[in-house]
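Observations on chain architecture
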2 protein chains.
Amino acid sequence: MSKRTNSAKRQLILDEAAKLFKLKGFGGTSMRDLAAQVGMEAASMYNHIKSKDEILELICFHISDTYIRQLTEVEHMQAPYVEKIRALIGRHIQLMIEDGAAVSVGNNDWKYLTGDRLEDFKAARKRYEKGFAALIEQGIAAGELHPVNVSVALFTILSAVRWVELWYRPGRNVTPEELEENIMTVLLNGLAK
Amino acid sequence: MSKRTNSAKRQLILDEAAKLFKLKGFGGTSMRDLAAQVGMEAASMYNHIKSKDEILELICFHISDTYIRQLTEVEHMQAPYVEKIRALIGRHIQLMIEDGAAVSVGNNDWKYLTGDRLEDFKAARKRYEKGFAALIEQGIAAGELHPVNVSVALFTILSAVRWVELWYRPGRNVTPEELEENIMTVLLNGLAK
């Protein structure tokens, strides 16, 4: 097999694993279930992936690396804080739309990580929350945002977008663009006129 | 025992059960755990409560009945839609602050209800969502709210407040009033000035 085929198969395994973990939980999914879902013999699946733990790590760090990359991009933007926050929320929503199952694993199954990897994941989450909070804090200091409690605003925003991963699928009569724009209207401009 | 003592004991059992279900899940909690937590012999606990299933029902319907009562109160208010929505979000947050463990059971463990009670609970939830959505829809029609997609606004708001039940406890350096006011600022006025 070419490297390319190998990498595509590995990605297929990760994608199907994320869907199964989302549906049945990390604990409720066996490597046998996964092999059946992927349509591969369990033995040949192990040519691509070492263990269920390795799969969990790869999915969780794909998500946390993406969040951190998005935060870093936004931190380097030359723009008002309100635009930075808009950009960060937008990327956050897009990741949920494009990679909902993996985001779900990152939200719910990360606690099954072990040792250093568990600590690394928690540190990445803290880094994201602190970076996001700093943007809100600076936006308030610059007079661009209402003077709210930063933690309350941060968790309200992060919580407000979490349903997207549970609800959104094609056929909901809302395009991804409308979804993003409507959420942004509520969070940044407020529902009230 | 007086009726009053009986009713207080029953309430104590429900309160401790909600905390245990929140911590360990409905499936992960045994009647033996609960008796130990309440500080009662299991046998005498059964004088107050029939079964774990009955406890789950009582907690779930306490929450859904409260939500429906709050919705009905707000529907009968003579006020602009934006004030009705403010009042409904406020009551929703207050219930989470005052009765967080029970709200958590209503959010997560309701799926272990069975038969008619499961259907009744789902119907109550639908009634709440539809009533809340109608307020948003009417508020938009009256020109009081931004013309957003009603489902997106509804789920953004309901999701936005869900972290309160997970995060809030005394000692967070935010009073219940500040918490409510800050969430309301983000959702109704928007974070941006």
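Just so you know, these numbers come straight off a predicted model, no measurement behind them.

Cut-offs used in this document
Residues numbered from 1 in each chain as written. Chains lettered and ligands numbered in written order. Predicted model: local features only at pLDDT ≥ 70, side-chain atom pairs only at ≥ 80, totals over all residues. Heavy atoms only, no water. Contact = heavy atoms within 4.5 Å. Buried area = accessible area lost by both parts, 1.4 Å probe. Salt bridge = Lys/Arg side-chain N within 4 Å of Asp/Glu carboxyl O. Polar contact = N/O pair within 3.5 Å; in protein donor to acceptor, adjacent residues only side chain to side chain. Helix = DSSP H or I, 4+ residues; strand = E, 2+ residues; numbered from the N terminus. Buried < 20%, exposed > 50% of the residue type's maximum accessible area, 1.4 Å probe, protein only. UniProt positions renumbered as here; feature names shortened; annotations may be inferred. Least-squares fit on C-alpha atoms with pLDDT ≥ 70 in both.

Every contact between the two is made by 31 residues of chain A and, on the other side, 32 residues of chain B. Summing the contributions of chain A and of chain B, the shared interface buries around 3,100 Å²; its carbon and sulfur component is 70%. Contact with chain B buries surface across chain A, with His146(A), Leu191(A) and Lys193(A) losing the most and accounting together for 23% of the total. In this assembly, chain A and chain B are joined by zero salt bridges. At the junction of chain A with chain B, the criterion picks out 20 residue pairs in polar contact (both at pLDDT 80 or more).

Residue and element names in this part refer to chain A. Phi at Asn 173 takes a positive value of approximately 65 degrees, unusual for a residue other than glycine. Examined against the element boundaries, Asn 173 turns out to sit in the loop between helix H9 (163-167) and helix H10 (176-189). Among the residues examined, Asn 173 registers a relative accessible area of 76% and is labelled exposed.

Bringing the UniProt feature "domain: HTH tetR-type" (unreviewed entry) in chain A into the picture now. Mapped onto this structure's residue numbering, the UniProt feature "domain: HTH tetR-type" (unreviewed entry) falls at residues 7-67 of chain A. When the span residues 7-67 of chain A is considered, its composition is 75% helix and 0% strand, and the gap between its end C-alpha atoms is 23 Å.

Let's shift gears to the side chain of Glu16(B). Along the chain, Glu16(B) falls in helix H1 (residues 3-24). Exposure remark for Glu16(B): the relative accessible area of 11% places this residue in the buried category.

Of the transformation placing chain A onto chain B, the axial shift is 0.0 Å and the rotation is 180 degrees, giving an RMSD of 0.0 Å. Classification of the inter-copy transformation places it as that of a two-fold axis. Both copies present the same face, since 100% of the interface residues in chain A are matched by interface residues at the equivalent positions in chain B.

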